[in-house]
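A closer look at the structure
What follows is the residue order along each chain.
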Amino acid sequence: MLHTQIRAFDAVAHQGSFSRAAEALGLTQPAVTIQVKALEERYGVKLLERSRRSVRLTEMGERLFRMSRRYSSLEEQMREVLTESSELESGQLSLTADGPHIAMGVFARFLARHPNIGLSVAMGNTRFVREQLLERRTDLAILPGVERHPQIHAMPLWRHTAVLIVANDHPWAGRENVRLAELHDQPMISREEGSNTRRITHAAMAKAGVRPRTVLELGSREAVCEAVGAGLGFSIIWELEASASTRFRTLHFRDTKITSSDYVACLKSESMRRSIKAFFAVAAGLSNQRAATRRGLP
């Protein structure tokens with residue numbers, strides 16, 4: 001009975017609602033509610049603050065959730081051991097990424113190879129993705145800057161180059177490139193705190209003594225692109241994100257190269273799970289293919 005109650009609590013904490021937890025567990029919402037309530041009453045504790053639209057973990061709930069995530073992972077590993085002689089025929093992986101442009105290609109390949117493994121995907125900036133991974137709220141992550149983290153197993157996936165984007169009627173729209181110094185005192189659309197794009201591009205400009213005028217800070221690439229297209233200022237994004245767009249013009253930097261690398265990552269304690277190893281294998285294949293394409297190999 002305790003196992004069932006812990007499993008229900010973990011699902012609610014992980015999914016953020018009783019309805020999504022019920023769907024993930026294949027149960028009715030009242031059944032999940034009863035299990036969590038029974039767990040709280042059994043030990044005289046309050047694990048969740050409930051509201052109409054969401055649930056929030058109490059301090060005790062946060063402590064238990066950190067342990068229940070490890071418990072859930074161990075349960076998954078035991079299931080994989082028991083089925084290791086067969087193909088991956090079922091299961092569920094959660095993945096959080098800091099942008100869809102790289103991630104979608106990996107998802108498509110993984111699901112084509114393992115169609116019965118469900119993927120639940122969340123998006124956010126780099127800080128959010130890192131927190132989700134370290135707090136065991138996601139099985140896998142795609143993000144930059146984790147290759148040396150002591151708790152994280154990471155593999156390079158893609159190297160990005162930054163470009164400048166401006167509105168189609170901007171005075172620079174007919175140009176192919178721009179010098180970094182030209183951005184000084186120009187109106188800029190910036191990403192929010194916690195964004196890797198913001199961190200790297202602002203550091204490059206600061207190093208060069210370039211200080212643009214930030215007129216807007218926005219929380220997504222899509223919002224940034226819309227603001228640039230509306231003529232509110234320039235922005236700097238990664239070249240892959242700017243490809244084939246008609247909403248703005250793309251310029252390359254003539255005198256500098258701003259780069260960043262994305263990694264596929266999991267916690268080291270999770271790296272031997274069969275489903276996670278399978279995802280890494282698919283990601284490695286895609287990374288190798290893209291590297292060969294850049295080198296002009298068939």
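Summarised in this report is the structure supplied together with it. (Residues numbered from 1 in each chain as written. Predicted model: local features only at pLDDT ≥ 70, side-chain atom pairs only at ≥ 80, totals over all residues. Heavy atoms only, no water.)

What about the environment of Glu192?
Our working definition: Here a strand is any run of E in DSSP of at least two residues, a helix any run of H or I of at least four, and the numbering for each starts at the N terminus. Working definition: with a 1.4 Å probe on protein chains only, accessible area under 20% of the residue-type maximum means buried, over 50% means exposed, and in between means partly exposed. Contact between two residues is taken to exist if any of their heavy atoms lie within 4.5 Å; hydrogens are not considered.
Structurally, Glu192 can be placed in the loop between strand 8 (187-191) and helix 7 (196-207). For Glu192, a relative accessible area of 15% puts it in the buried group. With sequence-adjacent residues up to four places away left out, Glu192 is seen in contact with Asn125, Arg198, Leu218, Gly219 and Ser220.

Regarding the packing of helix 1 (residues 2-15) against helix 2 (residues 18-25)
Going by this rule: Axis definition: a line fit to C-alpha positions, over the contact stretch in the case of helices; interaxial angles, taken between N-to-C directions, run 0 to 180 degrees. Geometric relationships in this document are graded by angle, where less than 35 degrees denotes roughly parallel, more than 145 denotes roughly antiparallel, 65 to 115 denotes roughly perpendicular, and other angles denote oblique. Each helix crossing is assigned a hand: it is left-handed if the near helix lies turned anticlockwise from the far helix by less than a right angle, otherwise right-handed if that turn is clockwise. When residues are sorted by character, Ala, Val, Leu, Ile, Met, Phe, Trp, Tyr, Cys and Pro go into the nonpolar class, Asp, Glu, Lys and Arg into the charged class, and all the rest, Gly among them, into the polar class.
Axis separation between helix 1 and helix 2 bottoms out at 8 Å; the angle between their running directions is 120°. In this view, helix 1 runs oblique relative to helix 2, as classed from their interaxial angle. Helix 1 and helix 2 meet at a crossing whose hand is right-handed. On helix 2, the residues that touch Arg7, Ala8, Ala11, Val12 and Gln15 of helix 1 are Phe18, Arg20, Ala21, Ala24 and Leu25. Classifying every residue of the contact of helix 1 with helix 2 gives seven nonpolar, one polar and two charged.

Examining empty space enclosed by the protein
To keep things clear, this is the line we draw: For cavity detection a 1 Å grid was placed over the protein atoms alone, and a set of points counts as a cavity when a 1.4 Å probe fits there but cannot get out; an open set counts as a pocket when protein lies on both sides within 12 Å along at least five of seven lines, with lining residues being those that have an atom within 4 Å of a point. Grid points are joined across faces, edges and corners, and a volume is the space filled by probe spheres set on the points.
With the rule as written, the count across this model stands at two cavities of 30 Å³ or more. When its volume is computed, the largest cavity comes out at roughly 110 Å³. Along its surface, the largest cavity is lined by 15 residues, and Asp98, His160, Arg221, Glu241 and Asp262 are the ones closest to its centre. Among the elements of the structure, helix 5 (100-113), strand 5 (140-144), helix 7 and strand 12 (259-267) are those that each provide at least two residues to the lining of the largest cavity. Here the lining of the largest cavity gets three residues from one element, more than from any other, and that element is helix 5. Across the lining of the largest cavity, the residue classes tally to five nonpolar, six polar and four charged. Lining the second largest cavity are Met188, Ile189, Ser190, Arg191, Thr197, Arg198, Thr201, His202, Val224, Ser235, Ile236 and Ile237.

A word on the pattern of salt bridges
The condition is simple: Should a side-chain nitrogen of Lys or Arg be within 4 Å of a carboxyl oxygen of Asp or Glu, the pair is scored as a salt bridge.
Per the counting criterion, the structure on display carries 16 salt bridges. Here Arg198 ties to Glu193 by a salt bridge, and the two come within 3.2 Å at their closest N and O atoms. When its relative accessible area of 51% is taken as the criterion, Glu193 is described as exposed. Overlapping salt bridges, with partners in common, bring together Arg136, Asp139, Glu270 and Arg273 in one network.

Looking at the nonpolar core
One broad trend across soluble globular proteins is that nonpolar side chains are buried collectively. Threshold: By nonpolar core is meant a set of buried Ala, Val, Leu, Ile, Met, Phe, Trp, Tyr and Cys residues that side-chain atoms within 4.5 Å join together.
If you look at the biggest cluster of nonpolar residues, it comprises 24 residues, and the most contacted ones within it are Phe110, Leu140 and Phe279. Of all elements in the fold, only strand 3 (91-97), helix 5, strand 4 (117-123), strand 5, strand 6 (152-166), strand 12 and helix 10 (274-294) reach the threshold of two or more residues within this core. Top element by residues in this core is helix 10. It accounts for seven residues. Residues within four places of Leu140 in sequence aside, it is in contact with Leu93, Ser94, Leu95, Thr96, Ala265, Cys266, Ile276, Phe279 and Phe280. By size, the runner-up hydrophobic cluster in this structure holds 19 residues, among which are Phe9, Ala11, Val12 and Phe65.

Geometric values such as these leave the question of function open.
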